[in-house]
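Spelled out from the first residue to the last, the chains are:
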Amino acid sequence: MAGSCVTTRTTCPYCGVGCGVLASRFEDGTVTVKGDPDHPANLGRLCSKGSALAETLSLEDRLLFPSVGGKRASWDEALHAVSEGFARTIADHGPDSVALYVSGQILTEDYYVANKLMKGFIGSANIDTNSRLCMASSVAGHRRAFGSDTVPGTYEDLELADLIVLVGSNLAWCHPVLFQRIEAARRTRPNLRLVVVDPRRTATCELADLHLKLKPDTDVALFNGLLAFLHESGGLNDRYVNLHTSGLAQALEAAGSCDIRAIAEATGLAPQDVATFYSMVARTPKTVTVYSQGVNQSVCGTDKVNAILNTHLATGRIGRPGSGPFSVTGQPNAMGGREVGGLANMLAAHMDLENPDHRALVQSFWQSPRMAERPGLKAVDMFRAVRDGRIKAIWIMGTNPVDSLPDADGVAEALRACPLVVVSDVSTAVDTLAFAHVRLPAAAWGEKDGMVTNSERRMSRQKGFLPLPGEARADWWALAQVATRLGFGEAFAWQGSSDIIAEFARLSMERNQGSRDFDIGALAQITPEAFDGLAPFQWPWPAGTPAGESRFFADGGFFTPDRRARLVSVRQSAPRKLERRYPFVLNTGRIRDQWHTMTRTGKSERLSAHIAEPYAELHPDDAGLLGIAAADLVTVESPHGKVLVRALVTERAAQGNIFVPMHWTDQVSSKARVDAVVAPDTDPVSGQPGLKFTPVAVTRAEMQHYGFAVLREKPVDLDLTYWALAPIREGWRLEFACDGASTPCDPALRDLALRLLGQDSGGEDLISVEDRHAGSGRYASWTGDRLDGAVFVSREPVAVSRQWACGLLAQPAQSLTDRLGLLAGRSAAGRPDPGPIVCSCFQIGAKDIARAATQGHVTLEAIGQTLRAGTNCGSCRSEISSLLNALQDQQGDRHDIAQAG
Ligand SMILES: Nc1nc2c(c(=O)[nH]1)N[C@H]1C(S)=C(S)[C@@H](COP(=O)(O)OP(=O)(O)OC[C@H]3O[C@@H](n4cnc5c(=O)[nH]c(N)nc54)[C@H](O)[C@@H]3O)O[C@H]1N2
Ligand SMILES: Nc1nc2c(c(=O)[nH]1)N[C@H]1C(S)=C(S)[C@@H](COP(=O)(O)OP(=O)(O)OC[C@H]3O[C@@H](n4cnc5c(=O)[nH]c(N)nc54)[C@H](O)[C@@H]3O)O[C@H]1N2
Ligand code: SF4
Ligand SMILES: [Mo]
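Residues numbered from 1 in each chain as written. Chains lettered and ligands numbered in written order. Predicted model: local features only at pLDDT ≥ 70, side-chain atom pairs only at ≥ 80, totals over all residues. Heavy atoms only, no water.

1. Topic: the overall build of the protein
What the protein contains, in helices and strands, is 31 helices and 36 strands. The C-alpha radius of gyration of the protein comes to 27 Å, within 12% of the 29 Å expected for a compact globule of 901 residues. Taken along its principal axes, the extent of the C-alpha atoms in the protein is 80 × 65 × 60 Å. Relative to its full complement of 901 residues, the protein shows a buried share of 64%. Carbon together with sulfur atoms contributes 50% to the accessible area of the protein, which is approximately 31700 Å² in total. Distance from the positive charge centre (91 side chains) to the negative charge centre (101 side chains) of the protein: 3 Å. (Helix = DSSP H or I, 4+ residues; strand = E, 2+ residues; numbered from the N terminus. Rg over C-alpha atoms; globule rule 2.2 N^0.38 Å. Buried < 20%, exposed > 50% of the residue type's maximum accessible area, 1.4 Å probe, protein only. Areas by Shrake-Rupley, 256 points an atom, 1.4 Å probe, with all protein chains shown as cover. Lys, Arg positive; Asp, Glu negative; His and termini not counted. Charge placed at Lys NZ, Arg CZ, Asp CG, Glu CD.)

Dropping the structure here:
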């Protein structure tokens, strides 16, 4: 870093917490980021991913130029190809033969323009978004209960609550700054209670007073039981119910009586735990129920949402400080997408596509020639339609469906058969790009300008602080260019983001007067200058009013025709029978330090150090029965497809359930796209797929050899049964395994090692040790003083300290003794093996923490003082606590391979 710097106030591009970021750009081009102390979402905090943003800004892997048919093209040629292709398809097959598939990660401006083009000008509602995989059940549940998609509360409620119930939410890893806010609130108010409802024990459970490890998809039984309990114990708010709701009697009837034993049986919980939970809720008016993908991503997701909302409506615990239901959003602009009507069944500004008045209002506001008249296809159905030829042209923007949609191999097949696939992305390391006829380079975080809305309805600016690289352009610009070429120029002639927001604001206030929740009329005339300095605010913000904090529904005022909320009658569905061939339930989700398909977080060495391989969490008893040991490789298979991943045997998993993270793609692993395995079953109301429940078979994958390598050059064209690649300082780490028949120290293995080391292209000094009897080999080569890499091969999963080996490339020149030591898997001198990395900010490992603990530093605070671990972003604090708690059963080296925290 050199010289002076310019600091820009912007917003983190990852999760829906929506933290404010101060990005400083120095004269020499370096960038640093820190939390914005003035942003109300985070008050200066950032998690591990936010803190590592500066490490993901390099232009390596950036998509910088448009291309058509695999050849570089000018923007003009590429836009022509898109508009010609769309126009021709529409002329020949009608507007429903084309589609847009967009994302909760594009800005409100991009989203508004995409939606306007498709629904108002092309005249089809075939625009859907990855929010269908994420928030659709919450949207549907909100609309059933409130008549609108309204999140009633604010983040402050989490701090003001006396009880927080987290349902299907791994908040510690997925909304870390909110989790930290709860942690901090608990330090000042130790009586704040936390309950976690999740079939597996997650990092979030470290802070929980009660963990309800329920059977998958039995949440409706749990919350119906709670409603019945509250009713039977006199815990309902009759006044609120009578004044502001309808449907209680029917909902109670559907819920049945509160038979704790029967509920315990249905949910797989101990009766005592169910009773404890119910009485905690009954006696705590200030209860917030936070829910996320364990609720939404289910074939009964909408019913789960309404079962939760029923308990809040019946107690009047909604919209008051410290109480309410709280659906936390995943993506940075999931809320913005809902506001502009990005889902196939919604209209802009929270209007309803199926409501003729709303359609007429939007049509006259847009002066649109042809409005969509009926809902379009929802994501899973959209790709089915691509597959069977009903959709012949699709534009995908800001999402990677070949990895993130269920039945992902089917999605790949659909795109392969589709006559026109357009993909707008920022990265070249995206599996979906392989299917694109036209590739459009988008402006990335740090370059683009606009608005995002976080989980608490707070709209913040994302601002550029870097020049646009190559020919990257804003997504809205590309959409508007295509609209213009399709003949709609006048309606798409904005000069910049602020023009688009002003138009959107005018639409939100059009004939509104409090009849719709979403109103940002205050921005209707915003100038570019005012937009530039716009501070974060919560909607609604009607014209002529001051911006302020807001909650909804404490005094009713729902957006149904009679302004009453609906309690929706929901019933627990019968348990799904598992076929003998597929006896396990596959659950999927996230890890702490990666974002989705890793196209950005995967570039950071620090973030990759936490968990460097795809894995399957399974219970020790299941592992025992299947003959699977820690660090073995396992195949997880459904009728749709399979993955090959590392076994992580842990008590955190429930018996009969396995968990595989969603992040690994073909860019970084041989066969770990977990959505290839996931079934495309959807919720009948919301169309959201049940991504947390697929019946699967799990088997041990027999391997002839296992390997581990650190390599200066990124290996390409890896022809190995299993491999997984991650960046490290000055190079790459590679885990691999081969199942090919081979003899001990098969010469082919030696060839492989040499190839990995680049020896066929002239490395100089090679040292190798082979043990034919054991069937193991170790190889390392140097060019001058620089280590090219080291490769370790063995019959068993290689037991070499990964943290030690990953530091080798960055070490200075080595003596012969050091070199030999390296082959022996020994550290030359200096720092002892840190073990699997826990704190990514300071690269502190589990073994560091264990050593400190043996020296008497046995509390989280003491570890922070001696090692600094957990004192920067704080994302690892729950893992440090869990390590300290579990220190008696320390893990051995074999576990170092499958090190998932
Ligand atoms: N580090 C990180 N953070 C992220 C993201 C990321 O990629 N990485 N992505 C962001 C996005 S888009 C989203 S949507 C959010 C998701 O945030 P979360 O929803 O918190 O994360 P998930 O890991 O998808 O799933 C949450 C939990 O649901 C549990 N679950 C599974 N089945 C059931 C069930 O039947 N009932 C209940 N009660 N629970 C169940 C799973 O075991 C899992 O622990 O995270 C956001 N934050
Ligand atoms: N099995 C399973 N599957 C899941 C889930 C699960 O829990 N389990 N979760 C689901 C959920 S909740 C979600 S949100 C999805 C997420 O799934 P995806 O949306 O497919 O995942 P990302 O990796 O975030 O994809 C974003 C893409 O946009 C690109 N990009 C980034 N910035 C920009 C930009 O400004 N413009 C453009 N045009 N492109 C940009 C990135 O490089 C990347 O390729 O996955 C869903 N799939
Ligand atoms: S919690 Fe982390 S990922 Fe989410 S917005 Fe804040 S810094 Fe970004
Ligand atoms: Mo999401």
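2. Here we look at the sheet that holds strand β4 (residues 67-68)
Strands in a sheet are paired, the pairing made by backbone hydrogen bonds, and the direction either parallel or antiparallel. One open sheet accounts for seven strands, arranged β5-β4-β18-β17-β16-β6-β7; its pairing is mixed. Bordering the open sheet on either side are β5 (71-72) and β7 (127-129), each of which pairs with just one other strand. Against the sheet, helix α2 (residues 75-93) engages β4, β6 (98-102), β16 (393-397), β17 (420-425) and β18 (438-441), with an angle of about 130° to β18. Each of β6, β16 and β17 touches helix α20 (residues 475-488); the most contacted strand, β16, lies at about 160° to it. (Pairing = 2+ DSSP bridges. Contact = heavy atoms within 4.5 Å. Axes fitted to C-alpha atoms, helices over the stretch in contact; angles between N-to-C directions.)

3. Let's talk about the domain arrangement of the protein
For the protein, the domain assignment lists domain 1 (5-56), domain 2 (67-128 + 333-538), domain 3 (136-327), domain 4 (584-700), domain 5 (705-824) and domain 6 (837-900). For domain 3 and domain 5, the distance between their C-alpha centres works out to 51 Å. (Domains from an automatic or database assignment.)

4. Digging into the pairing of strand β2 (residues 20-26)
Successive residues of a regular strand alternate their side chains across the two faces of the sheet. Most of β2 is tucked away, with six of its seven residues classed as buried. Both strand β1 (residues 5-11) and β2 contribute to a ladder of seven bridges, which runs antiparallel. Within the sheet, the bridge partner assigned to Arg-9 lies in β2 and is Leu-22.

5. Topic: the site of ligand 2
The full set close to ligand 2 counts 34 residues, and Gln-105, Ser-404, Asp-425, Lys-448 and Thr-597 are the nearest of them. Considered on its own, ligand 2 offers 920 Å² of accessible surface; in the complex 99% of this is hidden by protein. Tallied by class, the residues present in the shell around ligand 2 amount to eleven nonpolar, 16 polar and seven charged. Taken together, domain 2 (67-128 + 333-538) and domain 4 (584-700) each give at least three residues to the shell around ligand 2, which thus spans both. (Near = heavy atom within 4 Å. Nonpolar A, V, L, I, M, F, W, Y, C, P; charged D, E, K, R; others polar.)

6. Quick notes on the pattern of salt bridges
One pass over the structure, following the stated rule, counts 46 salt bridges. One salt bridge in this structure joins Arg-390 and Asp-388, with 2.9 Å as the shortest N-O distance. The exposure class of Arg-390 is partly exposed, given its relative accessible area of 46%. Between Glu-702 and Arg-700 there is a salt bridge, with the nearest N and O atoms lying 3.0 Å from each other. You can call Glu-702 exposed: its relative accessible area is 57%. Overlapping salt bridges bring together Glu-613, Arg-646, Arg-733, Glu-735 and Arg-802 as one network. (Salt bridge = Lys/Arg side-chain N within 4 Å of Asp/Glu carboxyl O.)

7. Here we look at the nonpolar core
With 119 residues, the main nonpolar core has Phe-277, Trp-395, Phe-492 and Leu-523 as its most contacted residues. Of the residues that make up this core, three or more belong to each of domain 2 (67-128 + 333-538) and domain 3 (136-327). Excluding residues within four positions of it along the chain, Leu-523 makes contact with Met-451, Ile-501, Ala-502, Ala-505, Leu-534, Phe-537 and Trp-541. Listed in part, the 99 residues of the second largest apolar core include Val-386, Ala-412, Leu-415 and Trp-445. (Core = buried A, V, L, I, M, F, W, Y, C linked by side-chain atoms within 4.5 Å.)

8. Thoughts on the pairing of β18
Strand direction decides the pairing type here: β4 and β18, joined by two bridges, are antiparallel. Paired with Ser-67 across the bridge in β18 is Arg-439.

9. Thoughts on the packing of helix α11 (residues 260-267) against helix α12 (residues 271-282)
One way to put it is that α11 packs onto α12 with a least axis distance of 8 Å and a crossing angle of 110°. The angle between α11 and α12 places the two elements in the roughly perpendicular class. For α11 against α12, the interelement crossing comes out right-handed. When α11 is examined against α12, the residues Ile-260, Arg-261, Ile-263 and Ala-264 are found in contact with a partner set consisting of Pro-271, Val-274, Ala-275 and Tyr-278. Across the contact of α11 with α12, the residue classes tally to seven nonpolar, no polar and one charged. (Parallel < 35°, antiparallel > 145°, perpendicular 65-115°, else oblique. Left-handed = near helix turned anticlockwise from the far one by under 90°.)

10. As for empty space enclosed by the protein
All chains considered together, the criterion is met by ten cavities of 30 Å³ or more. Estimates place the volume of the second largest cavity at around 170 Å³. Residue lining of the second largest cavity: 17 residues in total, with Thr-56, Leu-57, Arg-62, Ala-444 and Arg-600 positioned closest to the centre. Counted by class, the lining of the second largest cavity contains eight nonpolar, four polar and five charged residues. (1 Å grid on protein atoms, 1.4 Å probe; cavity = no way out; pocket = protein on both sides within 12 Å on 5 of 7 lines; lining within 4 Å. Points joined across faces, edges and corners; volume = space filled by probe spheres on them.)

11. Thoughts on the site of ligand 1
If you check the shell around ligand 1, you find 35 residues, and the closest are Asp-198, Asp-217, Ser-292, Arg-590 and Gln-594. Expressed as a share of its isolated accessible area of 900 Å², the protein-covered part of ligand 1 is 99%. Broken down by secondary-structure element, the contributors of at least two residues to the shell around ligand 1 are α6 (171-174), α13 (293-296) and β23 (584-589). Taken together, the residues of the shell around ligand 1 break down into eleven nonpolar, 15 polar and nine charged. Formed jointly, the shell around ligand 1 draws a minimum of three residues from each of two domains, domain 3 (136-327) and domain 4 (584-700).

12. Concerning the packing of aromatic side chains
Taken as a whole, this structure holds 24 aromatic pairs when the rule is applied. Their ring planes at 75° and their centres at 6.1 Å tell us that Tyr-112 and Trp-366 sit as a pair that is edge-to-face. Taken together, the residues span a long stretch of sequence, with Tyr-112 in helix α3 (residues 108-122) and Trp-366 in helix α16 (residues 356-366) at a distance of 254 residues. On the basis of relative accessibility, which here comes to 1%, the residue Tyr-112 falls in the buried class. For the pair Phe-518 and Trp-539, a centre-to-centre distance of 5.1 Å together with 80° between the ring planes defines the contact as edge-to-face. Here Phe-518, found in the loop between α21 (497-509) and α22 (528-532), pairs with Trp-539, found in the loop between β21 (537-538) and β22 (565-566); they are 21 residues apart in sequence, far enough to count as distant. (Phe/Tyr/Trp six-rings, centres within 6.5 Å; stacked < 30°, edge-to-face > 60°.)

13. A look at the packing of helix α28 (residues 846-854) against helix α29 (residues 860-867)
Relative to each other, α28 and α29 sit at 105°, their axes nearing to 10 Å. Comparing the axis directions of α28 and α29 gives the class roughly perpendicular. Along the contact surface, α28 presents Asp-848, Ile-849 and Ala-852, while α29 presents Ile-863, Thr-866 and Leu-867. Its residues assigned to classes, the contact of α28 with α29 shows four nonpolar, one polar and one charged.

14. Concerning the sheet that holds β21
The strand order across the open sheet built from three strands is β19-β20-β21, with neighbouring strands paired in antiparallel fashion. Edge positions in the open sheet fall to β19 (450-453) and β21, since each of these has one partner strand only. Across four bridges, β19 lies against strand β20 (residues 458-462) in antiparallel orientation. The partner of Val-452 across the bridge, within β20, is Ser-460.

15. Quick word on the state of the cysteines
Every disulfide links exactly two cysteines, by a covalent bond between their sulfur atoms. Tallied over the full model, the rule gives zero disulfides. The closest cysteine sulfur to the non-disulfide-bonded Cys-841 is located on Cys-873, 3.7 Å from its own sulfur. (Disulfide = S-S within 2.5 Å.)

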